[in-house]
Amino acid sequence: MTGSLPPNIEVRSAEPTDCSQIIDCIRELAKYEKMESFAKLTPGQLSSDLRRGHLQCFVAVTKGNHPCVDKVLGYAIFVETFDLFMGRRLYLEDFYMREPYRQQGIGTEIWRKLAGAARDGGCTGIDFSVIKWNTPSITYYEKRGCVNLSQQSSWEVFRKTVE
């Protein structure tokens, strides 16, 4: 399954020691999406939630003879959720590849690992959101057989912050 990856890169489950670099990636994404003021998660919070099993995360990292071993190149953060009509699902909270590492099959390997986790965990699929103007991501997902439900659904999405 990892035959398409460059030899000095691996995709694995994230460890608490990866959390600082994951947060750096989250801030890069927030800047791209013009949402920097919303990026308040700290490495400590992420590490704690990862250790407690509140989320799962796959990371692509450098390995072996690479000059910067264990550098996080990209990640997918996800949680298990439940759909009343379809049963257990994975919710992909975030999927990001750093710019210099795109178009090399690394993100595709993270996606394969995520799909495998859903299948192996008995989930019926993966749900996620994409900001409307992020056409490169929308195209990426559509090429992988994902369906844009916002164009078919009559649902509105809400959020409530707990104080």
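Scroll up to find the structure this text is about.
Just so it is clear, the structure is predicted and the values come from calculations on it, not from any experiment.

Colleague: Give a description of a nonpolar patch on the surface that names residues and reports values.
Modeller: A cluster of nonpolar side chains, namely Phe82, Leu84, Phe85 and Met86, defines an oily patch on the protein surface of about 560 Å² accessible area. Summarising the element assignment, Phe82 is placed in strand E3 (residues 72-83).

Colleague: So what's going on with unusual backbone geometry? Which residues, and what values?
Modeller: Backbone geometry places Lys34, a non-glycine residue, at a positive phi of 60°. Assignment of secondary structure puts Lys34 in the loop between helix H1 (19-32) and helix H2 (43-51). Residue Lys34 is classed as exposed on the basis of its relative accessible area, which comes to 69%. For Gln103, which is not glycine, the phi dihedral falls at a positive 65°.

Colleague: Explain the sheet that holds strand E5 (residues 126-128) to me, using residue names and the numbers behind them.
Modeller: Ordered by their spatial adjacency, 5 strands build an open sheet running E1-E2-E3-E4-E5, and the pairing between neighbours is mixed. Two strands bound the open sheet, and with one partner strand each, they are strand E1 (9-13) and E5. Taking the axes of each pair of neighbouring strands and ignoring which way they run, one obtains an average angle of 25° across the sheet. In terms of strand pairing, E1 meets strand E2 (residues 56-62) through 5 bridges, oriented antiparallel. From the neighbouring strand, Ile9 faces E2, where its bridge partner is Thr62. Seen against the sheet, helix H3 (residues 106-120) touches E1, E2, E3, strand E4 (87-97) and E5 and runs at an angle of roughly 165° to E4.

Conventions adopted
Residues numbered from 1 in each chain as written. Predicted model: local features only at pLDDT ≥ 70, side-chain atom pairs only at ≥ 80, totals over all residues. Heavy atoms only, no water. Patch = residues over 30% accessible without salt bridge, like charges linked within 9 Å, V, L, I, M, F, W, Y side chains within 5 Å. Areas by Shrake-Rupley, 256 points an atom, 1.4 Å probe, with all protein chains shown as cover. Salt bridge = Lys/Arg side-chain N within 4 Å of Asp/Glu carboxyl O. Helix = DSSP H or I, 4+ residues; strand = E, 2+ residues; numbered from the N terminus. Buried < 20%, exposed > 50% of the residue type's maximum accessible area, 1.4 Å probe, protein only. Pairing = 2+ DSSP bridges. Axes fitted to C-alpha atoms, helices over the stretch in contact; angles between N-to-C directions. Contact = heavy atoms within 4.5 Å.

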